[in-house]
Amino acid sequence: MKGPPLLQVVLRWFFHLLYNPFAWAYDLVAAVVSGGRWWDWAFCVLPYLEGQRVLELGFGSGHLLKRMSELGVTAYGIDASYSMSRVCGRLMGGLVGVNWLVINGYAQYLPFPSNHFHQVVATFPTDFLWQPLTVQQIYRVLIPGGKLIALPSVWITGKRPYERFLAWLYKFTGQSLFEEGHAEQYITRPFAQVGFQVWVERIRHKSGTLLLMQAQKPGPVEVQEMCGCTQHFYILL
């Protein structure tokens, strides 16, 4: 998280409230601060997901997790917020005939076997994604040739007054990495250091440009057909 020290403290306090006692308001806040495009942006990772098992880190209110499940992916999710896990559970509760698993826990200590997931995905994550323990855990749970697909930042490029205000707000709070020349180095270095092959690209989408990072674990890619599953799981630890 970037920005002046006092602002960092305020933002961390705000996000703590949003992810915990006010988790019920998460979707509303996300819509306001994105001009209604938050989930459209997050869904841009879907074309990059392939294989049967995908783990989402920090699933929030669960919209991406639900969409993956609807597409036939065996979708797993882990989030540190118990309140957010309950919000996600209510959203996912209407799904039948699909395979999904939700766990309340930390990305630094993933309770999954090694070499298990085809992809790990994270959209607009906080600093936890770049912590050494998280990076090591992602490497461990991915199959050889598996990938992390991360969407860390957006640059709002629209010209309407509200879009210009949001672009200024993102820059002021440090939520947009595009204003920094070392942005790509900042997000790729922790993964390259543990052996990932890392690359980034910028995706133009409506009134914004998204920064997408892919980090691939070395090794032969395991090719499996995606299939519909018949068993339904919902677990909160």
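As the structure is a computational prediction, the values presented were derived from the model and not from experiment.

A.B. asks: Sorry, what's going on with the overall build of the chain here?
C.D. replies: Each helix and strand in the chain was counted, giving 8 helices and 7 strands. Within the chain, the proportion of its 237 residues that are buried is 52%. Total accessible area on the chain stands at roughly 11,400 Å², and carbon and sulfur atoms take up 59% of it.

A.B. asks: When you look at the packing of aromatic side chains in this model, what are you seeing that I'm missing?
C.D. replies: The geometry of an aromatic ring pair is captured by the separation of the ring centres together with the interplanar angle, meaning the angle of the planes. By the definition in use, this model includes 8 aromatic pairs. When the ring of Tyr 76 is compared with that of Phe 117, the centres are 5.0 Å apart and the planes differ by 80°; the resulting orientation is edge-to-face. Separated by 41 residues along the polypeptide, Tyr 76 in strand S2 (residues 74-79) and Phe 117 in strand S4 (residues 117-123) bring together distant segments of the chain. Pairing Phe 191 with Phe 196 gives two aromatic rings, centres 5.7 Å apart and planes at 70°, and the pair type is edge-to-face. No difference in accessibility class separates Phe 191 from Phe 196, as the two residues are buried.

A.B. asks: What should I look at first to understand helix H4 (residues 63-70) in this one?
C.D. replies: Note that an α-helix has 3.6 residues per turn; residues three or four places apart therefore point the same way. Among all positions of H4, only Leu 64, Leu 65, Met 68 and Ser 69 are buried. Along the axis of H4, the buried residues cluster in a sector spanning 140°; they form a single face.

A.B. asks: Sorry, what's going on with the side chain of Thr 123 here?
C.D. replies: If you trace the backbone, Thr 123 turns up in strand S4. For Thr 123, a relative accessible area of 11% puts it in the buried group.

A.B. asks: What's the story with the nonpolar core in this structure? I'm lost.
C.D. replies: Soluble, globular proteins show a tendency: their nonpolar side chains are buried together. Counting residues in hydrophobic clusters, the biggest one holds 33 residues, and the most contacted among them are Met 68, Val 121 and Leu 210. Of all the secondary structure elements, the ones that give two or more residues to this core are helix H2 (26-34), helix H3 (38-42), H4, helix H5 (82-92), strand S3 (100-104), strand S5 (142-156) and strand S7 (208-216). The next biggest cluster of nonpolar side chains, apart from the first, holds 27 residues, and it includes Ile 103, Leu 110, Val 120 and Val 135.

A.B. asks: How should the environment of Val 102 be read in this particular structure?
C.D. replies: By the secondary structure assignment, Val 102 is in strand S3. Sequence separation between Val 102 and Asp 79 is 23 residues; the distance between their C-alpha atoms is 8.2 Å.

A.B. asks: Would you explain the packing of H4 against H5 in this entry?
C.D. replies: To describe two helices that pack against each other, one gives the angle between their axes and the distance between the axes. Interhelical geometry of H4 versus H5 gives an angle of 35° and a closest axis separation of 9 Å. For the element pair H4 and H5, the recorded crossing hand is right-handed. Residues His 63, Leu 65, Lys 66 and Ser 69 of H4 form the contact with H5, whose own contacting residues are Cys 88, Leu 91 and Met 92. Of the residues that constitute the contact of H4 with H5, the class distribution is 4 nonpolar, 2 polar and 1 charged.

A.B. asks: What exactly am I supposed to notice about the environment of Ala 42 here?
C.D. replies: Note that Ala 42 resides in helix H3. Its relative accessible area of 0% is what places Ala 42 among the buried residues. Distance from Ala 42 to Leu 64, taken between C-alpha atoms, is 7.1 Å for residues 22 residues apart in sequence. The contact partners of Ala 42, leaving out residues within four places of it in the chain, are Leu 64, Thr 123, Phe 124 and Leu 151.

A.B. asks: What exactly am I supposed to notice about the pairing of S3 here?
C.D. replies: Counted residue by residue, S3 has 5 buried out of 5 residues, so it is predominantly covered. Sheet topology note: the S2/S3 ladder contains 5 bridges and is parallel. Across the sheet, Tyr 76 pairs through a bridge with Leu 101, a residue of S3.

A.B. asks: Where do I start with the side chain of Lys 217 in this structure?
C.D. replies: Within the fold, Lys 217 resides in the segment after S7. There is a polar contact of 2.8 Å between the side chain of Lys 217 and the backbone oxygen of Leu 142. Excluding its chain neighbours within four sequence positions, the residues that come into contact with Lys 217 are Asn 115, Tyr 139, Arg 140, Leu 142, Ile 143, Pro 144, Gly 145, Gly 146 and Phe 196.

A.B. asks: Teacher, can you tell me more about H5 here?
C.D. replies: Among the residues of H5, those classed as buried are Met 84, Ser 85, Val 87, Cys 88, Gly 89 and Met 92. By the N-cap criterion, in which a side-chain oxygen at the helix start approaches the backbone nitrogen of a residue two or three places on, H5 is capped by Ser 81, the distance to Ser 83 being 3.4 Å.

Rules used in this analysis
- Residues numbered from 1 in each chain as written.
- Predicted model: local features only at pLDDT ≥ 70, side-chain atom pairs only at ≥ 80, totals over all residues.
- Heavy atoms only, no water.
- Helix = DSSP H or I, 4+ residues; strand = E, 2+ residues; numbered from the N terminus.
- Buried < 20%, exposed > 50% of the residue type's maximum accessible area, 1.4 Å probe, protein only.
- Areas by Shrake-Rupley, 256 points an atom, 1.4 Å probe, with all protein chains shown as cover.
- Phe/Tyr/Trp six-rings, centres within 6.5 Å; stacked < 30°, edge-to-face > 60°.
- Arc of directions from axis to C-beta.
- Core = buried A, V, L, I, M, F, W, Y, C linked by side-chain atoms within 4.5 Å.
- Axes fitted to C-alpha atoms, helices over the stretch in contact; angles between N-to-C directions.
- Left-handed = near helix turned anticlockwise from the far one by under 90°.
- Contact = heavy atoms within 4.5 Å.
- Nonpolar A, V, L, I, M, F, W, Y, C, P; charged D, E, K, R; others polar.
- Pairing = 2+ DSSP bridges.
- Polar contact = N/O pair within 3.5 Å; in protein donor to acceptor, adjacent residues only side chain to side chain.

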